[in-house]
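Spelled out, the chains give:
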Amino acid sequence: MSGRSDSGGATLVAPSLLREWPLPEPGADKYSRGSVLVVGGARATPGAALLAGVSALRAGAGKLTLAVAESVAVQLGVALPECGAIGLPETPGGSVKPELAAIDSYLDAADTLLVGPGLDDPDLAGELLEALLERGDRSSGGSDGDQGGPAVVLDAYALGAVAQLEGRLDPWRGRLILTPNPKEAAILLGRDVQDLEKDLAEISERFSAVVSCQGLITQPPRHAPDGPGLWKITTGYGGLGTSGSGDVLAGAIAGLRARGTTGAQAACWGTHLHAAAADRLASRLGPLGFLARELADELPALMLELSV
């Protein structure tokens, strides 16, 4: 894989680069394209999990399960009949509780675990991550996360929660992908963002994670000692700053990762597709006013164009 770089040394993510970095072949059936498990969707915010799930399928994932507050699981299953919908215990206010028994077997089967879309309580989000980490630690016998288990994508409130668990991330290190906005990046850093490129590289190194933020993608040097550590997306419209857009991005990255890409490839492809989808919608509808759910529908055609 080669590519042009900007003056700051970032590799530019253009269609020519992606064509030289092709996605895995689709395989013979849905099982060969991987399984995504989305954990989120509180009673007040089920749409975030729905957006992420649709995006994962549009990015080519073979199977999808949404684990959401039990009061909205049936409704989401009807809204998206292509998914499995599992109800999680919830508080009287509808926030998801950190109880995993209902999804134990799904966690074992998932190729990518996406946590965060639609979670609405930061404290409970932290407890949920702790429960997932404890389970992962037991499953791996305490070994480093590089040894196995699903890829883990964290978004929204899960990002703020993981900042408090930096010292306990061994079960996930090496297979984490983080999708913060600049405010969430500041939470991960524990300070204001000053130089986004350098600060994202710091987050990647501290959390042993691929990071996608504002069209920049970083990975820690140990992931690819001889390859790029910083990529920059070359497209995208301000209209991406709309409710649910981040859920679509996280879902696209999760779906691509489940197909067998590396974390960096999933983040570069997913972030480019997300931005290019906005370009398409802006050309038809105008630069503002398109909806996050419309972004996901653009992904299959964009992937087809980049495959030829």
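Anything mentioned here points back to the structure above.
Residues numbered from 1 in each chain as written. Predicted model: local features only at pLDDT ≥ 70, side-chain atom pairs only at ≥ 80, totals over all residues. Heavy atoms only, no water.

Peer 1: Any chance you could explain the overall build of the protein here in plain terms?
Peer 2: Per the secondary structure count, the protein includes twelve helices and ten strands. Since a compact globule built from 308 residues should have a radius of gyration of about 19 Å, the 18 Å found for the protein is in line with a globular shape. Taken along the three principal axes of its C-alpha coordinates, the protein extends 50 × 40 × 40 Å. Within the protein, contacts between residues separated by at least 24 positions form 67% of all contacts whose residues are at least 6 apart in sequence. For the protein, the accessible area works out to roughly 12,800 Å², and carbon and sulfur atoms hold 50% of it. Taking the average location of the 24 positive side-chain charges in the protein and that of its 37 negative ones, the two points are 4 Å from each other. (Helix = DSSP H or I, 4+ residues; strand = E, 2+ residues; numbered from the N terminus. Rg over C-alpha atoms; globule rule 2.2 N^0.38 Å. Contact = heavy atoms within 4.5 Å. Areas by Shrake-Rupley, 256 points an atom, 1.4 Å probe, with all protein chains shown as cover. Lys, Arg positive; Asp, Glu negative; His and termini not counted. Charge placed at Lys NZ, Arg CZ, Asp CG, Glu CD.)

Peer 1: In this structure, what is going on with the sheet that holds strand 6 (residues 151-154)? I would like to understand it.
Peer 2: In a beta sheet, neighbouring strands pair by backbone hydrogen bonds and run either parallel or antiparallel. The strand order across the open sheet formed by ten strands is 1-10-9-8-7-6-5-2-3-4, and the pairing between neighbours is mixed. At either end of the open sheet lies a strand with only one pairing partner, and these are strand 1 (11-13) and strand 4 (84-88). Taken pair by pair, the neighbouring strands of this sheet meet at an average axis angle of 20°, ignoring direction. Pairing between strand 7 (residues 176-178) and strand 8 (residues 209-213): three bridges, direction parallel. The residue bridging L178 from the neighbouring strand is V211, located in strand 8. (Pairing = 2+ DSSP bridges. Axes fitted to C-alpha atoms, helices over the stretch in contact; angles between N-to-C directions.)

Peer 1: What is the right way to look at the packing of aromatic side chains in this model?
Peer 2: Both the distance between ring centres and the angle between the ring planes are used here to describe each pair of aromatic rings. Taken as a whole and judged by the stated rule, the model has one aromatic pair. Arranged with centres 5.9 Å apart and planes meeting at 25°, the rings of W21 and W231 form a pair that is stacked. Linking W21 in the loop between helix 1 (15-19) and strand 2 (35-39) with W231 in strand 10 (residues 230-233), this pair joins segments that are 210 residues apart in sequence. Here W21 and W231 have matching classes, each one buried. (Phe/Tyr/Trp six-rings, centres within 6.5 Å; stacked < 30°, edge-to-face > 60°. Buried < 20%, exposed > 50% of the residue type's maximum accessible area, 1.4 Å probe, protein only.)

Peer 1: I tried to follow the packing of helix 9 (residues 245-258) against helix 10 (residues 263-285) on my own but got confused; where do I start?
Peer 2: Two numbers describe a pair of packed helices, the interaxial angle and the distance between the axes. Relative to each other, helix 9 and helix 10 sit at 140°, their axes nearing to 8 Å. Relative to helix 10, the element helix 9 is oriented oblique. For the pair helix 9 and helix 10, the sense of crossing is right-handed. For the pair formed by helix 9 and helix 10, the contact residues are S245, V248, L249, I253, L256 and R257 on the first element and G263, A266, A267, W269, G270, T271, L273 and H274 on the second. Partitioning the contact of helix 9 with helix 10 into residue classes produces eight nonpolar, five polar and one charged. (Parallel < 35°, antiparallel > 145°, perpendicular 65-115°, else oblique. Left-handed = near helix turned anticlockwise from the far one by under 90°. Nonpolar A, V, L, I, M, F, W, Y, C, P; charged D, E, K, R; others polar.)

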